[in-house]
Amino acid sequence: QVTWVESGGGLVQPGGSLRLSCITERTVFSPMAWYRQAPGKQRELVAAITRTGTTDYVDSVKGRFTISRDNAENTMYLQMNSLKPEDTAVYYCNIPATGLVYWGQGTQVTVSS
């Protein structure tokens, strides 16, 4: 069983940047991912990364977001640049191999002028 804590969210103006962090309790060897859930919408996969660094992104964030991980520090990051109001959501970290049964509190990202 692996637990984690998300942090780094906040209020930012359109065009601004934020970096989210996900610190896991134990070492993770399987892919990790960032998800988000906007008000009134279903949770969606934003970006995923394997232990070795292979990444994938949802089309809406390609070129703006960068997912990374530091395995030695058990931390995954999401660098978000050129933020748009439609990026507003609660962002969650998770490990798909666990079955996505458990979810943390997430971290709120609000993009507004």
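Now for a quick tour of the structure. On a predicted model such as this, the values are computed, not experimentally measured, just so you know.

### Quick look at the pairing of strand β8 (residues 75–80)
In terms of residue burial, β8 counts as a mostly covered element, since 5 of its 6 residues are buried. Bridging between strand β3 (residues 18–24) and β8 involves 6 bridges; their strand directions are antiparallel. Paired with Cys22 across the two strands is Met76, which belongs to β8. Pairing between strand β7 (residues 65–70) and β8: 6 bridges, direction antiparallel.

### Looking at the sheet that holds strand β6 (residues 55–57)
Pairing in this open sheet of 6 strands is mixed, and the strands run β2-β10-β9-β4-β5-β6 from one edge to the other. Looking at which strands have only one partner, the edges of the open sheet turn out to be β2 (10–12) and β6. Here the strands of the sheet are splayed against their neighbours by 20 degrees on average, with no regard to which way each runs. Bridge count for β2 against strand β10 (residues 107–111) is 3 bridges, and the pairing is parallel. Bridge assignment links Leu11 to a residue of β10, and that residue is Thr110.

### Comments concerning the state of the cysteines
Applying the stated criterion across every chain yields a total of 1 disulfide. Note that Cys22 is cross-linked by a disulfide to Cys93, the S-S spacing being 2.0 Å. As the torsion about the S-S bond is roughly -65 degrees, the Cys22-Cys93 disulfide counts as left-handed. With Cys22 in strand β3 and Cys93 in strand β9 (residues 89–94), this residue pair connects regions lying 71 residues apart in the sequence.

What counts as what
Residues numbered from 1 in each chain as written. Predicted model: local features only at pLDDT ≥ 70, side-chain atom pairs only at ≥ 80, totals over all residues. Heavy atoms only, no water. Buried < 20%, exposed > 50% of the residue type's maximum accessible area, 1.4 Å probe, protein only. Helix = DSSP H or I, 4+ residues; strand = E, 2+ residues; numbered from the N terminus. Pairing = 2+ DSSP bridges. Axes fitted to C-alpha atoms, helices over the stretch in contact; angles between N-to-C directions. Disulfide = S-S within 2.5 Å.

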